[in-house]
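The lines below spell out each chain.
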Amino acid sequence: MAEPMRIRATMAGDVADVKVLMNHPMETGLRKDAKTGQLVPAHYITEVNASVNGAKVLQAGMSGGVSKNPYLGFKVKGAKKGDTVVVSWVDNKGDKNSAEAAIG
Amino acid sequence: MNALRRNVLKGAAGAGTVAVAVAAGLLKPTQALAAAPRSAFEAKSVGDVLKNMGTAAPADSKDISIKAPDIAENGAVVPVEVTSGIAGTSMIAIIAEKNATPLVADFNLSGGAQGFVSTRIKMGQTSLIRAVVTAGGKSYTAAKEVKVTIGGCGG
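Computed from a prediction, not measured in an experiment: that's the story for all the values here.

Overview of the overall build of chain B
Working step 1: Broken down by element type, chain B carries four helices and nine strands.
Working step 2: Listing the helices and strands of chain B from first to last along the sequence gives α-α-α-α-β-β-β-β-β-β-β-β-β.
Working step 3: Out of the 155 residues in chain B, the part that is buried amounts to 46%.
Working step 4: Put simply, 69% of the contacts in chain B that link residues at least 6 apart link residues at least 24 apart.

Right, dumping it as structure tokens:
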């Protein structure tokens, strides 16, 4: 699962507006394959962590109830232009991904 | 534009199988993980979710606003934005009350993160979207109904 993850972080006043788009199928384990009729095994992100300049700002838990290719938006006060935002996730199969971006 | 349309159709396909799978008891337990209690994510009723999160009786609050469409044409992708005006908001959870497993996601905020989260969720059918907020050891809640014309819990 080394699909790219996109992060866009912009300053709006003294608050950084961070938008993250993760690439993930987010299978609930309840959906059947249209061709085989078999259940598609559950495969979804369970945990997302975000930090700004190394300080944790967000820890999210997710279920299969989050849409495919999850979008996540959050706001961080006190961040500055040029600060580094790092976002990483882990899914129920143990796959991981991480990406970083500078606040612009 | 066509590609988008196709995605929407793809998202809707297979939605009908969800109810069947739920009825057959095929809900899969997931393994326990370090984050927020996974038991809350496996709970099948709103009451159990709140109990597992340790927020059994949240107080109604007008300081929480939920931005979501009144009518969602595609239940596979329902944009939800929760803003909490409560000082010291440390956790925001999003619950789709009639989903097979109602707890969709929880967000623990720290280090300057504002009481705001925005995401996109799946909804199996028309239901209330409930936001639960923890601030200063107390829990608060608010809800908004979203009508779903095509269910999307199956992805």
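Observations concerning helix α4 (residues 46-53) of chain B
Residue and element names in this part refer to chain B.
Working step 1: Restricting attention to buried positions, one finds in α4 the residues V46, V49, L50 and M53. Here the buried residues of α4 occupy an arc of 95° about the axis, which is enough to place them on one side.
Working step 2: Looking one or two residues beyond α4, the residue adopting positive phi is G54, at roughly 80°.

Comments concerning the pairing of strand β7 (residues 96-102) of chain A
Residue and element names in this part refer to chain A.
Working step 1: Judged from the seven bridges that link them, strand β6 (residues 84-91) and β7 form a sheet pairing that is antiparallel. Residue pairing across strands places V86 opposite E100, the latter belonging to β7.
Working step 2: Linkage of β6 to β7, two consecutive antiparallel strands, is achieved through a turn of four residues, within which G94 is found at a positive phi near 90°.

Here we look at the sheet that holds strand β5 (residues 71-77) of chain A
Working step 1: What the six strands build is an open sheet, ordered β1(A)-β2(A)-β5(A)-β7(B)-β4(B)-β2(B); its pairing is antiparallel. Each having just a single partner strand, β1 (6-12) of chain A together with β2 (64-67) of chain B make up the two edges of the open sheet. Shown here is a sheet whose adjacent strand axes are inclined to one another by a mean of 15°, direction ignored.
Working step 2: Judged from the six bridges that link them, strand β4 (residues 78-84) of chain B and strand β7 (residues 113-121) of chain B form a sheet pairing that is antiparallel. Residue pairing for β7(B): P79(B) is matched across the bridge by R120(B).

Cut-offs used in this document
- Residues numbered from 1 in each chain as written.
- Chains lettered and ligands numbered in written order.
- Predicted model: local features only at pLDDT ≥ 70, side-chain atom pairs only at ≥ 80, totals over all residues.
- Helix = DSSP H or I, 4+ residues; strand = E, 2+ residues; numbered from the N terminus.
- Buried ≥ 20, exposed ≤ 12 C-beta atoms within 10 Å, placed from the backbone.
- Contact = placed C-beta atoms within 7 Å.
- Arc of directions from axis to C-beta.
- Pairing = 2+ DSSP bridges.
- Axes fitted to C-alpha atoms, helices over the stretch in contact; angles between N-to-C directions.

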